[in-house]
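Analysis of the macromolecular model
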Amino acid sequence: MCKTLQVRWTITPQTAPQPWITCSGCGGLRAFRSSDRIRLNANGRKLDAWLIYKCLICQRTWNRPILERRNVRSIDPAILDALQSNDRDWIRAETFNIEALRRHSPRVDEFAEFDIAKQIRHQTADWTRLEIELMVPLPISTRLDRLLASELKVSRSRLQALQEHGKLLIDADGAAALRRRIRNGARITIDLAMETDREQSWRPAATGDPL
């Protein structure tokens, strides 16, 4: 660790996935966007809950089922409270529930744009290795090689070459990890002992701090 510059990148997607639904107003398949509002219907001890979406063209609504005829006592109290209070954080997380959307929609558009916050976790004056920890609280379609190339200002071919020579290690998914979606908790270690521009190029890009 004494030779390692450790950073944490928190990746937050900007736009939630948008399902395509047959719109009764437009008369065809249209993209819908979450309104960030929950609709509830109670019938005795049974509860139905929907997340309300709106057509991007005509604003006609579609209710995406979250709970159907569920006994109130069987619902996690935290989830029940989030539904009843229209908790914004809980709703935002639910708008990224890709599997649920795909059960109701023949097409779901995902978006690669994201915000990134970079935090230094450990640093030393004579570091030779860079370790990046990824925090990805919401699923995002961005591939790992594209993220690293964009943020570190290097080409994807250079990243692949570093990996092939054992200079770039990823803690999971083997050699294919660079071509897969970024995932929460992933750690990337890059041996930069032979790179003379560690401080001038790699450090500012990795930490977000200009020289």
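Structure shown above.
Every value quoted in this text rests on a predicted model; they were computed, and no experiment measured them.

**A word on the overall build of the chain**
For the chain, the count of helices and strands is 6 helices and 10 strands. Along the three orthogonal principal directions, the C-alpha set of the chain runs to about 65 × 40 × 30 Å. Here the chain holds 211 residues, and 41% of them are scored as buried. For the chain, restricting intrachain contacts to residue pairs at least 6 apart in sequence, the fraction spanning at least 24 positions comes to 66%. For the chain, the exposed area adds up to about 11,800 Å²; of that, 45% sits on carbon and sulfur atoms.

**Observations regarding unusual backbone geometry**
Unlike most non-glycine residues, glutamine 59 shows phi in positive territory, near 70°. Looking at where glutamine 59 falls in the secondary structure, it is placed in the loop between strand E4 (46-55) and strand E5 (61-71). We classify glutamine 59 as partly exposed; its relative accessible area is 43%.

**Examining the side chain of glutamate 195**
Mapped onto the fold, glutamate 195 is located in the loop between strand E10 (187-191) and helix H6 (198-207). With a relative accessible area of 17%, glutamate 195 lands in the buried category. One polar contact links glutamate 195 to arginine 158, side chain to side chain, over a distance of 2.5 Å. Beyond its immediate sequence surroundings of up to four residues, glutamate 195 is in contact with Arg158, Leu162 and Trp202.

**A short note on the sheet that holds strand E9 (residues 168-170)**
Strand order in this open sheet of 5 strands is E7-E1-E8-E10-E9, and the pairing throughout is mixed. Single-partner strands in this sheet number two, and they are strand E7 (114-122) and E9. Averaged over all neighbouring strand pairs, the angle between strand axes comes to 20°, with direction disregarded. Pairing of strand E1 (residues 4-13) with E7 involves 8 bridges; the strand directions are antiparallel.

**Concerning the sheet that holds strand E6 (residues 107-109)**
Pairing between the strands of a sheet comes from backbone hydrogen bonds, and it takes one of two forms, parallel or antiparallel. An order of E5-E4-E3-E2-E6 is seen for the 5 strands of this open sheet, with the pairing classed as antiparallel. Bordering the open sheet on either side are E5 and E6, each of which pairs with just one other strand. Strand-to-strand twist of the sheet, defined as the mean angle between neighbouring strand axes without regard to direction, takes the value 45°. Summarising the sheet, strand E2 (residues 18-23) and E6 pair through 3 bridges and their orientation is antiparallel. Paired with tryptophan 20 across the strands is arginine 107, a residue of E6. Sitting on the sheet, helix H1 (residues 77-85) touches strand E3 (28-43), E4 and E5, and the angle it makes with E3 is about 110°. Its contacts with the sheet put helix H2 (residues 88-95) on E3, E4 and E5, and the angle it makes with E3 is roughly 135°.

**Here's the deal with the pattern of salt bridges**
Per the counting criterion, the structure on display carries 15 salt bridges. The partner of lysine 3 in a salt bridge is aspartate 126, with the nearest N and O atoms 3.1 Å apart. With lysine 3 in the segment before E1 and aspartate 126 in the loop between E7 and strand E8 (129-135), this residue pair connects regions lying 123 residues apart in the sequence. Given the relative accessible area of 37%, lysine 3 is considered partly exposed. Glutamate 110 is the partner of arginine 102 in a salt bridge, and the nearest nitrogen-oxygen pair spans 3.3 Å. Looking at arginine 102, the relative accessible area reads 48%, which means it is partly exposed. Through salt bridges that share partners, Arg8, Glu131, Glu133 and Arg187 make up one connected network.

**Concerning the pairing of E2**
Extensive coverage of E2 is indicated by the burial of 5 of its 6 residues. Taken together, the 4 bridges between E2 and E3 define a ladder with antiparallel strand orientation. Among the inter-strand pairings, isoleucine 21 is bridged to a residue of E3, identified as arginine 30. Hairpin connection between E2 and E3: a loop of 4 residues separates the two successive antiparallel strands, and glycine 27 in this loop has a positive phi of roughly 85°.

Reading the values: rules and limits
- Residues numbered from 1 in each chain as written.
- Predicted model: local features only at pLDDT ≥ 70, side-chain atom pairs only at ≥ 80, totals over all residues.
- Heavy atoms only, no water.
- Helix = DSSP H or I, 4+ residues; strand = E, 2+ residues; numbered from the N terminus.
- Buried < 20%, exposed > 50% of the residue type's maximum accessible area, 1.4 Å probe, protein only.
- Contact = heavy atoms within 4.5 Å.
- Areas by Shrake-Rupley, 256 points an atom, 1.4 Å probe, with all protein chains shown as cover.
- Polar contact = N/O pair within 3.5 Å; in protein donor to acceptor, adjacent residues only side chain to side chain.
- Pairing = 2+ DSSP bridges.
- Axes fitted to C-alpha atoms, helices over the stretch in contact; angles between N-to-C directions.
- Salt bridge = Lys/Arg side-chain N within 4 Å of Asp/Glu carboxyl O.

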